[in-house]
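Residues per chain, in single letters:
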Amino acid sequence: MKIARFSRIGFILAAAGSAVGLGNIWKFPYIAGEYGGGAFVLVYLFTVLLIGFSIMIAEMLIGYLGRRDTVTSFEELAPVNKHLWKFGGFQALAGLFIMIFYSVVIGWILHYIVTSLTTLPANVKEAEATFTYMLHSDIWTQLLYHTISFVWITYILTKGIKGGIEKMNLVLMPMLMIILAGMFLYATTLGAFSQAVEFMFSPDWSKIDSNAFVVAVGHAFFTLSLGMGAIMTYSASMEKGSNLVKNAFWVVFLDTSIAIVAGLMLFTFLYQYGSGPAKGPGLVFISLPAAFYEMGILGNVFAVLFFIALAFAGLTSSVSLVEPMVQYFIDRFSWSRLRASILMGLFFYLVGIVALLSNIDDYKELLTWGGKNFFDWVDYVTAAIMLPVGGFIMAVFVGFIMPKEQIESVMKPQLKWAFDTWYFSLRYITPVAMFVVLLSLMGVI
Ligand code: PFF
C-alpha cells in the first residue's frame, strides 16, 4: 500500500501540533498553580529533558522503522513473540479514550469564543457562576459545540495525512504561535510580568512532595503526546532519511516553549488584572475571563484571540489522538479511510455525550461511581494507567527487545556520542520512573 508522506516541516508541525494542546495552555498553568509554581516547573522541565526526549526518539523510531499502524509496527519489529508484542500497539486506544473528554472541553472553548465576542464576566464570582451553569446544567450548549468539534475533527481525518492533517497543521500552528507571541509581547510590557516570572521560576521546594513529582512526570508524557501511539503513527509517514533526533528536538522545544510562554502570559494577566494564580481546571474559564474584563474592549479582543488559539491547539492534538486507531483499521482490516474516520469519530462523539452528561446535575448520580463521575474516570484511567503503561512498554521494547544492531544502525549516526546515554536512559531510567509513577498514581505507594 502506498503511504502518504509528510514533508519535513509538515511532520514537525504535525507532531508539534499533536504535542501542543489543551495540556499546554489549559492544564499546565493550573497544575503549576496547584503545586506552587517554580519547583514544579523545574521538575517538569527536568523530566521532559531526561525522560520525555528519549522516549520521544524511541516512539519515533518504532513508527519510522515499522511504517505501519501501531499494532503492526510492534508485531513486525519484535524479533520474537510477535503475537504478544503486537498488544503493545493497542496503546493507540488511549488516544481514542482521551478524545471522549477532550472533545467536550474543545466544545467549551468554542462556546467561549462566541460569548467572549460580546460579553465577559464582571468578576470571578460571575465567571464562576457562568462556567458552573454551563458545566452542570446546560446540556444543549455543550452538545452543540461538542458536535461541531466532532464534525471538524472527523472531516480532517477523512482527508488523510497529507490533505487533512498536514494541511491543517501548516495553517493553524503558525497562527497559534502568532497569537500567543503577540499576547505574550503585550504581557511583557505589564508591571506584573516580573511577578509571573518569579512565580514560575523561583522554586519553593517545600511545595514539592512525591505527588507533585508524579504529576509532573505524568504531565510531561501527556503534553508530549507520548505513550499513546500518536507520535508513532505520524512517524510511520516520516520521509525516508529523516533525522529523528532533530525532529524530536523541535517537537520538545516547541511544546516546552509554548507551555512556558502561555504560562507566563496567563499569570501576568492574572496578577495584573485578576486575583493571582488560580487553582483548578477553571483557571482559563473562570479567572481569566474575569481578568480580561478589567481590560475593557481590548479584553474582549484578547479573550476571543486566546480562545481561538486554545481551540487550534486542541483541534490539532485531537486529530493525532484519533488517527492511530483510524490507521489501525485501515491497515489491518482494509477499511476505507472514510469509514474508519467516521466510525472512530462516532465512538468518541457518542461516548463523549455520556461524559458530558456525567457533569450535569440531573444525571450526575447515575454516572458516578467510587467518588468520580464518568468524565473524571476517563481522564484518570487514560492519564494514570494507560499512559505510563504505554511509556513503559515502549522503553522496554526499544531498550531490551529490538536487536541493538538494528537500533544502532539508525540512531548511532544521528545521536553520535549521546547514543549510549540515550540507550541507558531507555533501558534503566525510564522504565523505573514509569513504574513508580504508575504505582503511585494507582495509590499503591
Ligand atoms: N499533547 C496533548 C496536549 O498537551 O494537550 C494531548 C495529547 C495528544 C496526548 C495526543 C496524547 C496524544 F497522543
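Since the model is a prediction, treat every value here as computed from it, not as a measurement.

### Quick look at the overall build of the protein
Phase 1: Within the protein, the regular secondary structure consists of 20 helices and two strands.
Phase 2: Taken over the C-alpha trace, the protein has a radius of gyration of 21 Å; the compact-globule value for 445 residues is 22 Å, and the two agree within 12%.
Phase 3: By its C-alpha atoms, the protein is 60 × 45 × 45 Å across when sized along the principal axes.
Phase 4: Among the 445 residues that make up the protein, the fraction classed as buried is 61%.
Phase 5: With an accessible surface of roughly 17,000 Å², the protein has 68% of that area assigned to carbon and sulfur atoms.

### With respect to helix 11 (residues 210-223)
Phase 1: End to end, helix 11 covers 20 Å across 14 residues, agreeing with the expected 20 Å (1.5 Å per residue, within 8%).
Phase 2: Summarising burial for helix 11: 11 of the 14 residues are buried, a large majority.
Phase 3: Regarding helix 11, the residues found buried are Ala212, Val214, Val215, Ala216, Val217, Gly218, His219, Ala220, Phe221, Phe222 and Thr223.
Phase 4: A positive backbone phi angle near 60° is found at Ser225, which sits one or two residues after helix 11.

### Points about the packing of helix 6 (residues 92-118) against helix 7 (residues 124-136)
Phase 1: Orientation of helix 6 relative to helix 7, taken along the N-to-C sense of each, is 135°, at an axis distance of 12 Å. Classed by the angle they form, the pair helix 6 and helix 7 counts as oblique. Crossing hand, helix 6 versus helix 7: right-handed. On the side of helix 6, the interface is formed by Trp108, His111 and Tyr112, while helix 7 contributes Phe131, Met134 and Leu135.
Phase 2: Split into classes, the residues belonging to the contact of helix 6 with helix 7 amount to five nonpolar, one polar and no charged.

### Focus on the site of the ligand
Phase 1: Close contacts around the ligand come from 15 residues, with Ala19, Gly23, Tyr102, Phe222 and Ser225 the closest.
Phase 2: A distance of 2.8 Å is found between a nitrogen atom of the ligand and a backbone nitrogen or oxygen belonging to Phe222.
Phase 3: Notes on the ligand: free accessible area 330 Å², of which the protein chains cover 100%.
Phase 4: Every element with two or more residues in the shell around the ligand is listed here: helix 1 (8-19), helix 2 (22-34), helix 11 and helix 15 (297-333).

### A short note on the pattern of salt bridges
Phase 1: Summed over the entire model, instances satisfying the criterion amount to six salt bridges.
Phase 2: As a salt-bridge pair, Arg68 and Asp331 come within 3.3 Å of each other at their nearest N and O atoms. Here Arg68 is found in the loop between helix 3 (38-66) and helix 4 (70-77), whereas its partner Asp331 is found in helix 15, with 263 residues between them in sequence.
Phase 3: The exposure class of Asp331 is buried, given its relative accessible area of 10%.
Phase 4: A salt bridge links Arg332 to Glu75; the nearest nitrogen and oxygen atoms lie 3.1 Å apart. Within this pair, whereas Arg332 is found in helix 15, its partner Glu75 is found in helix 4, the two being separated by 257 residues in sequence.

### A closer look at unusual backbone geometry
Phase 1: Located in the positive-phi region is Ser334, a residue other than glycine, with phi close to 55°.
Phase 2: Residue classification places Ser334 among the exposed positions, given a relative accessible area of 65%.
Phase 3: In this model, Lys416 sits at a positive phi of 50°, which is unusual for a non-glycine residue.
Phase 4: Tracing the chain through its elements places Lys416 in the loop between helix 19 (404-415) and helix 20 (419-441).
Phase 5: We classify Lys416 as exposed; its relative accessible area is 55%.

### Brief notes about the packing of aromatic side chains
Phase 1: Summed over the entire model, instances satisfying the criterion amount to 45 aromatic pairs.
Phase 2: When the centroid spacing of 6.4 Å and the interplanar angle of 40° are considered together, the rings of Trp422 and Tyr423 count as tilted. For the pair formed by Trp422 and Tyr423, the shared burial category is buried.
Phase 3: Within the aromatic cluster, the residues linked to one another by ring pairs are Phe101, Trp108, Tyr112, Phe131, Tyr186, Phe269, Phe285, Phe292, Phe302, Phe306, Phe307 and Phe375.
Phase 4: Lys27 extends its terminal NZ or CZ atom over the ring of Phe222, reaching a point 4.3 Å from the ring centre.
Phase 5: The ring of Phe87 is capped by Lys86, whose NZ or CZ atom sits 5.8 Å from the centre of that ring.

### Things to note about helix 4
Phase 1: Where burial is concerned, most of helix 4 is hidden: six out of the eight residues are buried.
Phase 2: Those residues of helix 4 that fall on the buried side of the exposure criterion are Thr70, Val71, Thr72, Ser73, Phe74 and Leu77.
Phase 3: Its side-chain oxygen placed 3.1 Å from the backbone nitrogen of Val71, Asp69 serves as the N-cap of helix 4.

### Overview of the side chain of Ser73
Phase 1: One can find Ser73 in helix 4.
Phase 2: For Ser73, a relative accessible area of 0% puts it in the buried group.
Phase 3: A polar atom in the side chain of Ser73 sits 3.2 Å from the backbone oxygen of Arg68.
Phase 4: Filtering out sequence-adjacent residues up to four positions away, Ser73 remains in contact with Ile62, Gly66, Arg67 and Arg68.

### A few points about the environment of Pro324
Phase 1: By secondary structure assignment, the location of Pro324 is in helix 15.
Phase 2: For Pro324, a relative accessible area of 1% corresponds to the buried category.
Phase 3: With 94 residues separating them along the chain, Pro324 and Ala230 place their C-alpha atoms 6.0 Å apart.
Phase 4: Those residues in contact with Pro324 that sit more than four places away from it in its chain are Ala92, Met228, Gly229, Ala230 and Thr233.

### Focus on the environment of Asn247
Phase 1: Mapped onto the fold, Asn247 is located in helix 13 (residues 244-273).
Phase 2: The buried category is assigned to Asn247, whose relative accessible area is 2%.
Phase 3: Residues contacting Asn247, with those up to four places away along its chain left out, are Arg8, Phe11, Ile12, Met60, Met238 and Ser242.

### Focus on the environment of Glu59
Phase 1: Positionally, Glu59 belongs in helix 3.
Phase 2: According to the relative accessible area criterion, Glu59 is buried, its value standing at 0%.
Phase 3: For the pair formed by Glu59 and Ser235, sequence separation is 176 residues and the distance between their alpha carbons is 8.2 Å.
Phase 4: With residues near it in sequence (within four places) discarded, Glu59 still touches Ser225, Leu226, Gly227, Met228, Gly229, Ala230, Ile231, Met232 and Met394.
Phase 5: Engagement of the side chain of Glu59 in a polar contact is seen with the backbone nitrogen of Gly227, the distance being 3.1 Å.

Rules used throughout
- Residues numbered from 1 in each chain as written.
- Predicted model: local features only at pLDDT ≥ 70, side-chain atom pairs only at ≥ 80, totals over all residues.
- Heavy atoms only, no water.
- Helix = DSSP H or I, 4+ residues; strand = E, 2+ residues; numbered from the N terminus.
- Rg over C-alpha atoms; globule rule 2.2 N^0.38 Å.
- Buried < 20%, exposed > 50% of the residue type's maximum accessible area, 1.4 Å probe, protein only.
- Areas by Shrake-Rupley, 256 points an atom, 1.4 Å probe, with all protein chains shown as cover.
- Expected span 1.5 Å × (residues − 1).
- Axes fitted to C-alpha atoms, helices over the stretch in contact; angles between N-to-C directions.
- Parallel < 35°, antiparallel > 145°, perpendicular 65-115°, else oblique.
- Left-handed = near helix turned anticlockwise from the far one by under 90°.
- Contact = heavy atoms within 4.5 Å.
- Nonpolar A, V, L, I, M, F, W, Y, C, P; charged D, E, K, R; others polar.
- Near = heavy atom within 4 Å.
- Polar contact = N/O pair within 3.5 Å; in protein donor to acceptor, adjacent residues only side chain to side chain.
- Salt bridge = Lys/Arg side-chain N within 4 Å of Asp/Glu carboxyl O.
- Phe/Tyr/Trp six-rings, centres within 6.5 Å; stacked < 30°, edge-to-face > 60°.
- Lys NZ or Arg CZ within 6 Å of the ring centre and 35° of its normal.

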